[in-house]
Amino acid sequence: MPETKELARHRRERIWMWIQLMPVMTVLVVLFGGALVLGVAQSLGFAPWFGVNTFPDFSYFAALWGDVFFWKSLGLTLYYAIVATLLSLVFGILLALALVRTFPSKTLYKYLYKLPLMIPYTVGIALAVIMLGNGGMLSRLMAFTGFIDDPSQFPQILKTHMGWGIIAVYVWKQTPFVALTIYAVLLGVGRETEEAAAILGANKRQIFFQVTLPQILPGIISSTLIIFAFNIGAFEAPFILGGGFPDTLPVVAWRYFNDADYTLQLQGMATVVSIALVAGVILYSYLAFYRRYERRIGRN
Amino acid sequence: MARKTSSVALNERLGPYQKLYLLLVAGFILGPFIPLIIQSFAFRWAWPDLLPGTWWLEQREKSILPLAWDYVISPYSQVWEATLNTIYIGCVVTVICLIICLPAARVLARERFKGKPAFEFFLSMPLIVPEAAIGIALLMIFIHIGLAGSYTGIIIVHLIPTIPYMIRMLTAVYQGLGRDFEEQAMILGASRWQILRLVTLPMLLPGVVAGALFTFLVSTNIFLLTFFMGQGKIVTLPTLLFSKISGGTLDASAAGITLVVTVPGIILLLITERFIKEEAFGKGFGN
């Protein structure tokens, strides 16, 4: 008898627990699941509201993937995302390593470096326009120091497929994010292990690569996952600062959706699904790779 | 000897390169704001002058149309409208997010159950699914159910990127809280409601404030989802700025609007530095 009572109480607690988890789960399942189901269905030809219903129909994917410009767009998207992520990572780690040291005006600096985290990407884009444009501040400074005497001689940074303007905006915004995440991890683990390594005679390089780096690795992984996913799906910076056709995939998708020919929306949805697929595959293999590494070094 | 090398390898102070690096980063982050501020006061700024040839104030009386800051504060620029929209959406999103995340964070901090890691991974999905993908797909749905271009639609999609942060910060708070105090109160005969009101909430408050501030911050910074869902009918500060600079040029009024868009970030930075400890981020993102 007491056992069944205990069991009933246990069951009540479980139910209560799931009730508490319910609201947040519902929101995400409905929004995510809805978007996923509709996105995939529509990219496969299910759009009765346009009078199109040829589900399942792979012709939209075939048309999209058969187009050489899709692959050029994909290449550009990945190029901007990867370069910006790597640069932010390196600059962010260096910044975090400097921040754990003590230095005068550290309090002020800790306010200052977080500013880009607090403001929208569009501000970063405005700053890129005023700094890096051909009539921008850097160009003026170069003219002032006598390197160039005409705006057209200034190397084109914005509106090219090299995309240094886009990358500069991403790095400007994401270096503080990486630095903050890794700085927090560094504060959490403390310096005892580094001290131990130093006493045992390790040099600076050994301490960094064999002690510090493995400790901050979880922070590195999570922050790069987040910024890489963001960079793949980013729209505003490539739209304003990019070199035009071929655009990055999110811009391509957006153009399909704003096309007067509404049947192109299905192609747009195929583009959207492709973005999600590419991001999913890359992030999943990245995580799987990291898990294997963790297991190899003996962290569960 | 050993002690000497250790003190060299583990210097608490900055090395000369690190000092230089910190200066460069500060210049990279803040430097561009200098020409931006100058531009917002300029009327004519020809290449290659380092300062504008004609300032806005000199032309102010001669021009029929409002210039530079006059334009920014005039109703034509929609700055006030966008600011109010941003604050309104941010507040509603924060409140809803708090209400749905508090119970879930409590469970995640205290209970162990089957499928918990999977559930936690699911909750952080919004951080790693590209915004463009989710935004465009949801836009299609929202157009059909009539939510596109409405406040409700924008508020709903803002929940997606804010939930993961809120959950992480609140879970960290609950983990730090422990169960002892609530049990003590229960033993002393307090009711569930009394425990919540007199014990749990006061102890949670600092963390809740931090989470709310952070959620508000994330919401005010969202561009893409607002841009897609707003359909041009509802402007917020990021989308307003986007429409001003989408041509790839920046005149005095656009520079002024950029500065206005920066102000809420500065205010939030000053407040959050007091409320959010750096360690909280480590707990949130470290795993």
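In case you missed it, the structure is sitting above this.
Residues numbered from 1 in each chain as written. Chains lettered and ligands numbered in written order. Predicted model: local features only at pLDDT ≥ 70, side-chain atom pairs only at ≥ 80, totals over all residues. Heavy atoms only, no water.

**Q** Tell me about the packing of aromatic side chains, residues and numbers included.
**A** Counting across every chain of the model gives 22 aromatic pairs over all chains. Centre to centre, the rings of phenylalanine 239 of chain A and phenylalanine 242 of chain B are 5.6 Å apart; their planes meet at 40°, and the pair counts as tilted. Within this pair, whereas phenylalanine 239 of chain A is found in helix H11 (residues 236-241), its partner phenylalanine 242 of chain B is found in helix H13 (residues 237-245), the two belonging to separate chains. For phenylalanine 239 of chain A, a relative accessible area of 25% gives the class partly exposed. Where tyrosine 88 of chain B meets tyrosine 151 of chain B, the ring centres are 5.4 Å apart and the plane angle is 85°; that geometry is what we call edge-to-face. Of the two residues, tyrosine 88 of chain B sits in helix H6 (residues 79-110) while tyrosine 151 of chain B sits in helix H9 (residues 151-177), which places them 63 residues apart along the sequence. (Phe/Tyr/Trp six-rings, centres within 6.5 Å; stacked < 30°, edge-to-face > 60°. Helix = DSSP H or I, 4+ residues; strand = E, 2+ residues; numbered from the N terminus. Buried < 20%, exposed > 50% of the residue type's maximum accessible area, 1.4 Å probe, protein only.)

**Q** Describe in detail unusual backbone geometry, supporting the description with residues and values.
**A** One non-glycine residue, serine 105 of chain A, lies in the positive phi region at around 60°. Structurally, serine 105 of chain A is set in the loop between helix H3 (68-99) and helix H4 (106-112). Residues other than glycine seldom take positive phi values, yet glutamine 231 of chain B does so here, at roughly 55°. Mapped onto the fold, glutamine 231 of chain B is located in the loop between helix H12 (224-230) and H13. Glutamine 231 of chain B sits in the partly exposed class, given a relative accessible area of 37%.

**Q** Report on the interface of chain A and chain B, specifying residues and quantitative values.
**A** Quite often, the size of an interface is put as the accessible area lost when its parts meet. If you look at the interface, chain A gives 106 residues, while chain B gives 99 residues. Summing the contributions of chain A and of chain B, the shared interface buries around 8800 Å²; its carbon and sulfur component is 78%. Broken down residue by residue, the surface that chain A buries against chain B is led by Phe32, Met118 and Arg140 of chain A, which jointly contribute 9%. One can count 0 salt bridges joining chain A with chain B. (Contact = heavy atoms within 4.5 Å. Buried area = accessible area lost by both parts, 1.4 Å probe. Salt bridge = Lys/Arg side-chain N within 4 Å of Asp/Glu carboxyl O.)

**Q** Please provide a residue-by-residue account of the state of the cysteines, values included.
**A** Residues and elements named next belong to chain B. Going through the model one piece at a time under the given rule, you end up with 0 disulfides over all chains. With no disulfide of its own, cysteine 91 lies 13 Å from the sulfur of cysteine 97, the closest cysteine sulfur. Residue cysteine 91 is classed as partly exposed on the basis of its relative accessible area, which comes to 38%. With a relative accessible area of 0%, cysteine 97 lands in the buried category. (Disulfide = S-S within 2.5 Å.)

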